[in-house]
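Residue-level structural notes
Listed below, chain by chain, are the residues.
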Amino acid sequence: MPEFKVAIPSYDRAEGLKRKTLKTLDENKIKKSSITIFVDNKEQKRIYEEVLGDEYKLVVSNTKGIANIRNFITNYYPNGELVMCLDDDVSGIYEGEPSGRTM
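Remember, it's a predicted structure, so these values are computed and weren't measured experimentally.

A word on the pairing of strand E1 (residues 5-9)
A regular strand places its side chains so that they alternate between the two faces of the sheet. Where burial is concerned, most of E1 is hidden: four out of the five residues are buried. Across three bridges, E1 lies against strand E4 (residues 83-85) in parallel orientation. Bridge pairing in E4 links Lys5 to Val83. As for the winding sense of the linkage, the β-α-β connection from E1 through helix H1 (residues 14-27) to strand E2 (residues 35-39) is right-handed.

Given below as structure tokens:
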């Protein structure tokens, strides 16, 4: 399986991110080193660092709004990099089929 990066845009949801998405990724054995959390300003970064420590890479996008942060993420990674973008409130990852039916 090819290596991929996980990008998570988030705003003011550090506790929920830790409890949901990051816990789910850990349970699925996704390496912390492949996860980057994108916040929109330095104050948000400080809050996230208080909750998450230094185990995850935090990037300040200096943009406002989820659409702008997602555009920032698109331009952040090199062309051809495999990136999975997740929301900050994911509580499960399920194997699926091309039909969309979960297994």
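Don't stop here, the text continues.
Re unusual backbone geometry
Positioned with a positive phi, Lys29 is a non-glycine residue whose angle comes to about 60 degrees. Residue Lys29 is classed as exposed on the basis of its relative accessible area, which comes to 73%. One non-glycine residue, Asn62, lies in the positive phi region at around 55 degrees. Within the fold, Asn62 resides in the loop between strand E3 (57-60) and helix H3 (66-76).

Section: the confidence of the model for the protein chain
For the protein chain, the mean per-residue pLDDT works out to 91, and 90% of the residues sit at or above 70. Per-element confidence in the protein chain ranges from a low mean pLDDT of 93 for H3 to a high of 98 for E3.

Conventions used here
- Residues numbered from 1 in each chain as written.
- Predicted model: local features only at pLDDT ≥ 70, side-chain atom pairs only at ≥ 80, totals over all residues.
- Heavy atoms only, no water.
- Buried < 20%, exposed > 50% of the residue type's maximum accessible area, 1.4 Å probe, protein only.
- Helix = DSSP H or I, 4+ residues; strand = E, 2+ residues; numbered from the N terminus.
- Pairing = 2+ DSSP bridges.
- Right-handed = clockwise from strand over helix to strand, strands pointing away.
- pLDDT = per-residue confidence, 0-100.

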